[in-house]
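Breakdown of the fold
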Amino acid sequence: MKSVFPFKTFNRMQSLCFDTAYHTDSNLVVSAPTGSGKTGVMELAIVRLISKPGGDRAKIIYIAPTKALCSERAKDWTKKFRVLGITCGELTGDTDSAQVRDVQQSNIIVTTPEKWDSMTRRWRDHKQLMELVQLILIDEVHFLNEPHRGAVLEVIVSRMRTVNAECLMNEQYLKSKDPQKTLRILALSATAPNINDIAVWLKNYDGKMAEVKLFGEEFRPVQLVKHVVGYTSKTDATAFIIEKTLDYKLTEIISRYSDKKPTLVFCATRKNVESSASQLVSDIQSCQIGFNHPYIRTGLQQTELRQLASRVADKKLAECLNHGIAIHNGALVSVDRTLVEENFISGLISVICTTSTLSVGVNLPAHLVVIKGTQQYRETGKYENMVSGKEIIESSLHENLIEHLNAEVVLGTIPNVELCIEWLKSTFLNVRMSKNPIRYKDPRDKQGTQHMSLDKMCIRDLNLLAQARLIEQRDDGMTVVPTDFGRVMAKYYVRFETAKNVIVDMQKAPTMKKLLESLCDAVELSGLKYRNDKTYLNSINKIIKYPINGKLKTVGDRVDLLIQCTLGSIKLTDAKLLHVIQTDTNVAFKHAERLARFIFEVMRLKQDFQAADAALELSNSIHARTWEKNGHHLKQVENIGPVYTKLLFDAGVKTVREFLSKSPEQLEIILNKGRLLGNKLLDAAKAFPLLDLNITEV
């Protein structure tokens, strides 16, 4: 076990958890400060399971709120457990579909709530895998507080318990009567005042609450010293001015408190992250390396930073890295995030400006942590509660309940109102409603006056699903069955408002323009708001395929234009806006691909074949990131972007077959590029599938 536990003795916290984690199969909730060794408790539970007869076949599911934390955990456990013959696979939004099968073969599956929700919505398709799941590890369980992600966690815990119970009832289990197959759950949390509520929710199969191990600040290996530094501003100062004021103060704060050691700066938004990093870079322009530069101390470090900058995809990140500073947020590609994390740990990077993507569990030791701006918490008391560990963990399931109810109806978990209410009783929502009923109001009640009960929630949302043709109600509404529309909604992870708009509200035979507008107005894309780019986007509105009527007004208008710019290979010329527009465009396409498939399947089910044909063309275009009929199909091939595509198109090379017929030298002449590029592009094109379709009349 030395590979898993390379130290001589467990620390005090781990020792107090040892008996429960290693010598029992009880569910366990551990609340302890960051850095106190909670990961070791999970590893004890893993070792207990794999040490049992047949334990090497068992599946262990580790759930964490962010891809960054999942990546760190997968990397660590792959190394630790390899010696024992135990494999670890990562299943997140960055996992390719081709990699999913390999991940499913792993003993330990590291995943996010959303990805595991998507997987278990089709759990009967993966029944052999699900029957082997015996241990669920939930890291940073206090993310139950997060509006969407917390609700997903509640649902997948309830679902996995249902799946486990159903698997245990199969004929093979009834013959073996093996009590060790029941599902065990461990949940780890930072300090929270109502950790017992989580233990009640994660009760054992005998109905008793999970074991609770609660540890205070005295168990933190390095005691925190907190400083609050305030700055005055004008009473009429905007949020933008306040943020800029704080940006100007950052260099002074880091100089005063960092002792020239690693520093993390947490900002409220991605835009604030870039603004803070840019200001830090600006402040040190006159500094000399080896003399008074705060972040680069030697010429060797500067050389290594330049090499690192040349390896990252994000231009803003590359610019900052040349000065020993990095940015980190969810918009960075996985490789860039990993490079930032690894080089911060090694000491090459001195400062990271980041959003909350790094605040949840990722192990990046820093001497100084700056929380830049508490304005957003001022009136709620949330900031004080957050830094003191007094923030109550609440449920947000009631705000997203309707989508999850539809998914459970499709799965067959909820065939009637009675079982719907029973299912709701298994959630954390039920626990918190009994303690704090005033908080749980109907999210559709504009006045916010109606307090809800589980019965009311259940009946209200089932009625809404029925009105949207997503389920059918029978026996006076007491029995529910899924419709094909409901199945498609669950399959593509679509929000209720979006599904209702496409199924009920959309007129017959919509045009391609109308379908695209409907997709872009989806609530899933409502966060892609204007970023001081409305004037520029209006200037290119007239050159897209389907111009927006009049001036751009809504968020949907912005998303529509961003998507069409990519599909039409329109080059963006405003250098200042390029990074933020590209980031938001990537987010838009991430959602748009599944939403387009959803629209196509709905139109097919409605037998609106004219609309289905247009929706299929839209779906194919979004998947390829180019209009199906504009001839820029080569953009789908890796390393051939919109610029190369247009040059090739103008030279009469429009298809992959035509491209493959060219020699490397011919391609280099067309693209006006030097040697070796032609071979590289041809290799990429050879990996692209070529199909022949023969039709014979009979």
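We now turn to the structure provided with this report.

Definitions and cut-offs
- Residues numbered from 1 in each chain as written.
- Predicted model: local features only at pLDDT ≥ 70, side-chain atom pairs only at ≥ 80, totals over all residues.
- Heavy atoms only, no water.
- Core = buried A, V, L, I, M, F, W, Y, C linked by side-chain atoms within 4.5 Å.
- Buried < 20%, exposed > 50% of the residue type's maximum accessible area, 1.4 Å probe, protein only.
- Helix = DSSP H or I, 4+ residues; strand = E, 2+ residues; numbered from the N terminus.
- Contact = heavy atoms within 4.5 Å.
- Expected span 1.5 Å × (residues − 1).
- Bend = angle between axes of the 7 residues up to and from the residue.
- Polar contact = N/O pair within 3.5 Å; in protein donor to acceptor, adjacent residues only side chain to side chain.
- Pairing = 2+ DSSP bridges.
- Axes fitted to C-alpha atoms, helices over the stretch in contact; angles between N-to-C directions.
- Phe/Tyr/Trp six-rings, centres within 6.5 Å; stacked < 30°, edge-to-face > 60°.
- Lys NZ or Arg CZ within 6 Å of the ring centre and 35° of its normal.
- Parallel < 35°, antiparallel > 145°, perpendicular 65-115°, else oblique.
- Left-handed = near helix turned anticlockwise from the far one by under 90°.
- Salt bridge = Lys/Arg side-chain N within 4 Å of Asp/Glu carboxyl O.

Of all hydrophobic cores here, the largest spans 64 residues; its most connected members are Leu462, Leu470, Leu519, Ile563 and Phe598. Top contributing element to this core by residue count: helix H25 (residues 575-605), with 10 residues. For leucine 470, the residues in contact, after removing those within four places along its chain, are Asn406, Leu465, Pro482, Thr483, Phe485, Gly486, Met489, Phe496, Ala499 and Ile503.

Another point: H25. In this model H25 runs 44 Å from its N-terminal to its C-terminal C-alpha over 31 residues, within 8% of the 45 Å that 1.5 Å per residue would give. In the structure, H25 departs most strongly from a straight axis at alanine 592, where the bend amounts to approximately 30°.

Once that is clear, we can look at the environment of threonine 111. By the element assignment, threonine 111 lies in strand E4 (residues 108-111). For the pair threonine 111 and lysine 67, spaced 44 residues apart in sequence, the C-alpha to C-alpha distance is 7.9 Å. Filtering out sequence-adjacent residues up to four positions away, threonine 111 remains in contact with Ile61, Tyr62, Ile63, Ala64, Cys70, Leu91 and Trp116. Reaching out from threonine 111, the side chain makes a polar contact with the backbone oxygen of leucine 91 at a distance of 2.8 Å.

Moving on, we come to helix H3 (residues 67-81). Owing to its 3.6 residues per turn, the α-helix aligns residues three or four sequence positions apart on the same side. Taking 1.5 Å of rise per residue, 15 residues should cover 21 Å, and H3 covers 21 Å from first to last C-alpha, within 8% of that figure. Of the residues making up H3, those classed as buried are Ala68, Leu69, Cys70, Ser71, Glu72, Arg73, Ala74, Trp77, Lys80 and Phe81. Backbone nitrogen of leucine 69 and a side-chain oxygen of the N-cap are separated by 3.1 Å at the start of H3; the cap is threonine 66.

What follows concerns the sheet that holds strand E10 (residues 351-354). The strand order E9-E10-E8-E11 describes an open sheet built from 4 strands, whose pairing is parallel. Strands with a single pairing partner mark the edges of an open sheet, and in this sheet they are strand E9 (325-328) and strand E11 (368-371). With strand direction ignored, the average angle separating the axes of adjacent strands in the sheet is 20°. Two elements, E9 and E10, share 4 bridges in a ladder whose sense is parallel. Each residue of the ladder has a partner; that of alanine 326, found in E10, is isoleucine 352. Across the face of the sheet, helix H10 (residues 239-257) comes into contact with strand E8 (263-266), E10 and E11 while running at roughly 150° to E11.

Note on aromatic pairs: each is described by the distance of the centres and the angle between the planes. Under the criterion given, the structure shown has 10 aromatic pairs. Summarising the aromatic geometry, the rings of phenylalanine 10 and phenylalanine 18 are spaced 5.6 Å apart at their centres and angled 50° between planes, so their arrangement reads as tilted. Overall, the relative accessible area of 26% leaves phenylalanine 10 in the partly exposed class. With a centroid separation of 5.6 Å and an interplanar angle of 80°, the aromatic rings of tyrosine 546 and tryptophan 627 are classed as edge-to-face. One end of the pair, tyrosine 546, is in the loop between helix H23 (534-539) and helix H24 (555-567); the other, tryptophan 627, is in the loop between helix H26 (609-624) and helix H27 (642-650), and 81 residues separate them in sequence. Residue class for tryptophan 627 comes out buried when judged on its relative accessible area of 3%. One aromatic cluster is present, formed by Phe5, Phe7, Phe10, Phe18 and Tyr22 through successive ring pairs. One Lys or Arg, arginine 625, reaches over the ring of phenylalanine 589 and ends 4.3 Å from the middle of that ring.

The next point concerns the pairing of strand E2 (residues 59-63). Counting buried positions along E2 gives 5 out of 5 residues, so the element sits mostly inside the fold. Inspection of the sheet shows E2 paired to strand E5 (residues 133-138) by 5 bridges, in the parallel sense. Paired with isoleucine 63 across the bridge in E5 is isoleucine 138. Bridging between E2 and E4 involves 4 bridges; their strand directions are parallel. Paired with isoleucine 60 across the bridge in E4 is isoleucine 108.

Moving on to the packing of H25 against H26. Remark: H25 packs on H26, axes separated minimally by 8 Å, with the N-to-C direction vectors making an angle of 160°. Taken together, H25 and H26 sit at an angle that is classed as roughly antiparallel. The handedness of the crossing between H25 and H26 is left-handed. Of H26, the residues touching H25 (which contributes Phe589, Ala592, Glu593, Ala596, Arg597, Ile599, Phe600, Met603 and Arg604) are Phe609, Ala611, Ala612, Ala615, Leu616, Ser619, Ile622 and His623.

What follows is about the pairing of strand E13 (residues 479-482). Side chains on a regular strand alternate between the two faces of the sheet. By the alternation rule, side chains of E13 split into Val480 and Pro482, which are all buried, and Thr479 and Val481, of which none is buried. By the bridge criterion, 4 bridges tie strand E12 (residues 471-474) to E13 in an arrangement that is antiparallel. The partner of arginine 474 across the bridge, within E13, is threonine 479. Counting the residues that bridge the hairpin from E12 to E13 gives 4 residues, and of these aspartate 475 lies at a positive phi of roughly 55°.

Attention now moves to the environment of glycine 40. Looking at where glycine 40 falls in the secondary structure, it is placed in helix H2 (residues 38-51). For glycine 40, a relative accessible area of 6% corresponds to the buried category. Sequence separation of glycine 40 and phenylalanine 10 is 30 residues, and the distance between their C-alpha atoms is 8.4 Å. Non-local contacts of glycine 40, meaning those with residues more than four positions away in its chain, are made with Phe5 and Gln14.

Okay, the sheet that holds strand E6 (residues 184-189) next. Read across the sheet, 7 strands follow the order E3-E4-E2-E5-E6-E1-E7 without closing on themselves; strand pairing throughout is parallel. What marks the edges here is a single partner per strand, and that holds for strand E3 (88-91) and strand E7 (211-214). Each strand axis lies, on average, 15° off the axis of its neighbour in the sheet, ignoring direction. Packed onto the sheet, H2 meets strand E1 (28-31), E2, E4, E5 and E6 and runs at close to 170° relative to E6.

All told, the structure shown has 36 salt bridges when counted by the stated rule. Of the charged contacts, one joins arginine 256 and glutamate 252 as a salt bridge, the two residues approaching to 2.5 Å between their closest N and O atoms. Residue arginine 256 and its partner glutamate 252 are both found in helix H10; the two are separated by 4 residues, about one turn of the helix. Residues glutamate 422 and lysine 425 are paired through a salt bridge, measuring 3.6 Å at the closest nitrogen-oxygen approach. Of the two residues, glutamate 422 and lysine 425 both sit in helix H17 (residues 417-425), 3 residues apart, roughly one turn of that helix. Classification of glutamate 422 by relative accessible area gives partly exposed; the value is 44%.

On to unusual backbone geometry, then. Despite not being glycine, serine 569 shows a phi value in the positive range, around 55°. Mapping serine 569 onto the fold places it in the loop between H24 and H25. On the basis of relative accessibility, which here comes to 18%, the residue serine 569 falls in the buried class. A positive phi angle, close to 55°, is found at glutamine 607, a residue other than glycine. As for its placement among the helices and strands, glutamine 607 is situated in the loop between H25 and H26. A residue is classified by how much of its surface remains accessible, and glutamine 607, at 55% relative accessible area, is exposed.

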